[in-house]
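# Per-entry structural report
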Amino acid sequence: MTDIMWNSEIYENAAEARTRTMEGASPANVADPRQLRNTLGNFATGVTVLTYQSGDAFFGVTVNSFTSVSMEPPLVLVSLTRRSRALTYLLERPFAINVLGDDQLQTALQFAGQPKDGHPIEWVTDDGAPRINGSLAYFQCTPWAGYDGGDHILVLGRVQTYGQKDETKPLLFYRGKWGSLAADVPDNS
Ligand SMILES: Cc1cc2nc3c(=O)[nH]c(=O)nc-3n(C[C@H](O)[C@H](O)[C@H](O)COP(=O)(O)O)c2cc1C
């Protein structure tokens with residue numbers, strides 16, 4: 001482990017990252033942010049929903065910026081816009097990352113601010129944060145750190161428990177559209 005990794009100017013705790021402003025940021029050298037977003041959309045991703053509890057209520061936010069970071073300790077990352085309501089909560093309490101299967105498109109829409117009537121969410125509350133029943137995989141996390149990410153905050157979670165469901169294909173997101181794998185992927189486990 002090098003010293004630089006634990007330099008306090010680089011490592012910020014979650015609360016510091018939340019309150020940090022963008023004063024030092026220079027103007028983006030990108031003529032058209034929409035074009036940038038469209039081009040970034042060529043990177044095909046899976047789709048997750050981060051779920052958490054506040055008071056007696058359960059909440060979620062659809063996120064495709066999920067990535068694995070570290071095995072020791074086990075860390076995962078999501079990038080959340082500073083405007084996200086979820087941010088206030090995720091930096092201070094357990095949350096679950098639910099990896100969605102291709103039969104969970106309505107769930108993805110529901111937590112992306114496009115709820116449809118008649119789509120109840122089935123919650124599992126056996127461990128850590130509430131999670132979504134039937135998801136392809138899940139990771140129960142506790143907040144590890146938050147980092148300044150421009151107009152987003154990079155939220156690192158420490159994985160406490162996890163699980164997966166076999167024989168379900170992932171929901172995909174590519175160029176602004178939802179998709180599914182065209183073919184079965186051989187099981188290499
Ligand atoms: C496919 C997809 C991926 C998304 N990924 C992210 C993401 O990585 N980070 C983020 O902040 N918002 C993301 N969003 C937008 C949020 O889901 C949406 O703004 C949500 O309503 C925020 O809810 P909240 O304000 O309760 O946190 C994504 C939306 C979709 C449809």
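Residues numbered from 1 in each chain as written. Predicted model: local features only at pLDDT ≥ 70, side-chain atom pairs only at ≥ 80, totals over all residues.

### Quick word on the sheet that holds strand E11 (residues 171–174)
Quick reminder of the rule: Strands were regarded as paired on the criterion that DSSP finds at least two bridges between them. Secondary structure counts use DSSP, requiring at least four H or I residues in a row for a helix and at least two E residues in a row for a strand, with both numbered from the N terminus.
Judged by pairing direction, the sheet is antiparallel, and its 3 strands sit side by side in the order E1-E11-E12 without closing on themselves. Two strands in the sheet have a free side with no partner beyond their single neighbour: strand E1 (45–46) and strand E12 (177–180). Pairing between E1 and E11: 2 bridges, direction antiparallel. Residue pairing in the sheet places Thr-45 in a bridge with Phe-173 of E11.

### Digging into the environment of Gly-176
When you line up the elements, Gly-176 lands in the loop between E11 and E12. A C-alpha to C-alpha distance of 6.4 Å links Gly-176 and Gly-41, two positions 135 residues apart in sequence.

### What to know about the site of the ligand
Applicable threshold: For each residue, a C-beta atom is placed from the backbone, and the residue counts as near a molecule or strand when that atom lies within 6 Å of it. The nonpolar class holds Ala, Val, Leu, Ile, Met, Phe, Trp, Tyr, Cys and Pro. Asp, Glu, Lys and Arg form the charged class, and all remaining residues, Gly among them, are polar.
Lining the immediate surroundings of the ligand are 15 residues, of which Ser-65, Ser-84, Ala-86, Ala-112 and Gly-113 lie closest. Looking at the shell around the ligand, the elements with two or more residues in it are strand E3 (57–63), strand E5 (75–81) and helix H3 (85–90). Residue composition of the shell around the ligand, grouped by class: 7 nonpolar, 7 polar and 1 charged.

### Brief notes about the sheet that holds strand E6 (residues 95–99)
As a reminder, the rule being used: Helix axes use the C-alpha atoms of the stretch in contact, all axes being lines fitted to C-alpha atoms, and the angles between their N-to-C directions lie in the range 0 to 180 degrees.
In spatial order, the strands read E3-E2-E6-E9-E10-E5-E4; together these 7 strands make up an open sheet with antiparallel pairing. The open sheet has two edge strands with one neighbour each: E3 and strand E4 (67–70). The sheet shows a mean angle of 40° between the axes of neighbouring strands, direction not considered. Two strands pair when backbone bridges link them, and E5 and strand E10 (residues 152–164) are joined in this way by 7 bridges, in the antiparallel orientation. Each residue of the ladder has a partner; that of Thr-81, found in E10, is His-152.

### Description of the confidence of the model for the protein chain
Here is the rule we go by: Values of pLDDT, ranging from 0 to 100, describe the predictor's confidence in every residue of the model. Contact between two residues is assigned whenever their backbone-derived C-beta positions fall within 7 Å.
Per-residue pLDDT for the protein chain averages 87, and the proportion of residues at 70 or more is 83%. Ignoring residues within four places in sequence, the model shows residues 1–11, a span with pLDDT below 50, making 3 contacts including any to other chains.

### Details of the pairing of E6
As a reminder, the rule being used: Any residue with 12 or fewer other C-beta atoms within 10 Å of its own C-beta is exposed, any with 20 or more is buried, and the rest are partly exposed; the C-beta atoms used are placed from the backbone.
Along E6, 5 of the 5 residues are buried, which leaves the element largely enclosed by surrounding structure. In E6, alternate side chains face the same way, and those of Phe-95, Ile-97 and Val-99 on one face and Ala-96 and Asn-98 on the other are all buried. The sheet contact formed by strand E2 (residues 48–54) and E6 spans 4 bridges and is antiparallel. Residue pairing for E6: Val-49 is matched across the bridge by Asn-98. Sheet topology places E6 next to strand E9 (residues 137–149); 5 bridges connect them, and they run antiparallel. Within E9, the residue paired with Phe-95 across the bridge is Cys-141.

### Observations concerning the environment of Leu-50
The topology assignment puts Leu-50 in strand E2. A sequence separation of 80 residues divides Leu-50 from Pro-130, and the C-alpha atoms of the two residues are 9.6 Å apart. With sequence-adjacent residues up to four places away left out, Leu-50 is seen in contact with Gly-60, Val-61, Val-63, Val-78, Ala-86, Leu-90, Phe-95 and Ile-97.

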